[in-house]
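Each chain, written out:
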Amino acid sequence: MKELTPKEAIKELSYDNTAYGGKCTKEVRETAINALEKQIPRKPLKAYDEQVEQHWLSCPMCYKGLCWEHSLKPKHCSECGQAIDWSE
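About the thresholds
- Residues numbered from 1 in each chain as written.
- Predicted model: local features only at pLDDT ≥ 70, side-chain atom pairs only at ≥ 80, totals over all residues.
- Heavy atoms only, no water.
- Helix = DSSP H or I, 4+ residues; strand = E, 2+ residues; numbered from the N terminus.
- Buried < 20%, exposed > 50% of the residue type's maximum accessible area, 1.4 Å probe, protein only.
- Areas by Shrake-Rupley, 256 points an atom, 1.4 Å probe, with all protein chains shown as cover.
- Salt bridge = Lys/Arg side-chain N within 4 Å of Asp/Glu carboxyl O.
- Pairing = 2+ DSSP bridges.
- Core = buried A, V, L, I, M, F, W, Y, C linked by side-chain atoms within 4.5 Å.
- Contact = heavy atoms within 4.5 Å.
- Polar contact = N/O pair within 3.5 Å; in protein donor to acceptor, adjacent residues only side chain to side chain.
- Expected span 1.5 Å × (residues − 1).
- Arc of directions from axis to C-beta.

Here we look at the overall build of the chain
Working step 1: Scanning the chain for helices and strands turns up 2 helices and 2 strands.
Working step 2: For the chain, the N- to C-terminal ordering of α and β elements is α-α-β-β.
Working step 3: The proportion of buried residues among the 88 residues of the chain is 24%.
Working step 4: When the accessible surface of the chain is split by element, carbon and sulfur atoms take 53% of a total near 7,100 Å².

Written out as structure tokens, the structure is:
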């Protein structure tokens, strides 16, 4: 059996009829979808703090500031686990 990507798995889990999934309730599917969505890398949000005149980056899901250096960029947010896309 072919391994699904997170996007493919989300598509498979996104249906309205609970009978299709047997004991898989809507809440269970939503929890699984949320976990899978965090595996899809997203670009960090850019912001500028005028008080300290400094640019910073935050998680696109929970908005927690991301601690990073040019050589050490975290693969995931330390707060919510969102995968971070550092590509230009």
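Things to note about the pattern of salt bridges
Pairs may arise between side chains of opposite charge once their charged atoms sit close together.
Working step 1: Inspection of every chain in the model, using the stated rule, returns 1 salt bridge.
Working step 2: For Lys43, the salt bridge identified is with Asp85, shortest N-O distance 3.5 Å. Taken together, the positions of Lys43 in the loop between α2 (26-39) and β1 (45-49) and Asp85 in the segment after β2 (54-58) put the pair 42 residues apart, joining distant regions of the chain.

Concerning the pairing of β1
Working step 1: With 5 bridges connecting them, β1 and β2 associate as antiparallel partners. Looking across to β2, one finds that Tyr48 is bridged to His55.
Working step 2: Hairpin geometry of β1 and β2 is characterised by an intervening segment of 4 residues between the two adjacent antiparallel strands and by a positive phi of about 50° at Glu53.

Considerations on the nonpolar core
Taken as a class, soluble globular proteins show a tendency for nonpolar side chains to be buried jointly.
Working step 1: Membership of the largest hydrophobic core is limited to 7 residues, which are Leu57, Cys59, Leu66, Cys77, Cys80, Ile84 and Trp86.
Working step 2: Apart from residues lying up to four places away in sequence, Leu66 is in contact with Pro44, Leu57, Ser58, Cys59, Cys77, Ile84 and Trp86.
Working step 3: One finds Ala9, Ile33, Leu36 and Ile40 within the second-largest nonpolar core, a separate group that totals 6 residues.

Concerning the side chain of Gln82
Working step 1: Along the polypeptide, Gln82 turns up in the segment after β2.
Working step 2: Side-chain polar atoms of Gln82 contact the backbone oxygen of Ile40, separated by 2.8 Å.
Working step 3: Apart from the residues lying within four places of it in its own chain, the contact partners of Gln82 are Glu37, Lys38, Ile40, Pro41, Arg42, Cys59, Pro60, Met61, Lys75, His76 and Cys77.

Examining α2
Working step 1: An ideal rise of 1.5 Å per residue puts 20 Å on 14 residues; α2 measures up with 20 Å between its terminal C-alpha atoms.
Working step 2: Among the residues making up α2, those that are buried are Arg29, Ile33 and Leu36. For α2, the buried positions fall inside an angular range of 65° around the axis, keeping them on one side. In α2, the exposed residues that point more than 90 degrees away from the buried face are Glu27 and Thr31.
Working step 3: Taken together, the buried residues of α2 touch α1 (6-13).

Treat this as a map of the structure, not an account of what it does.
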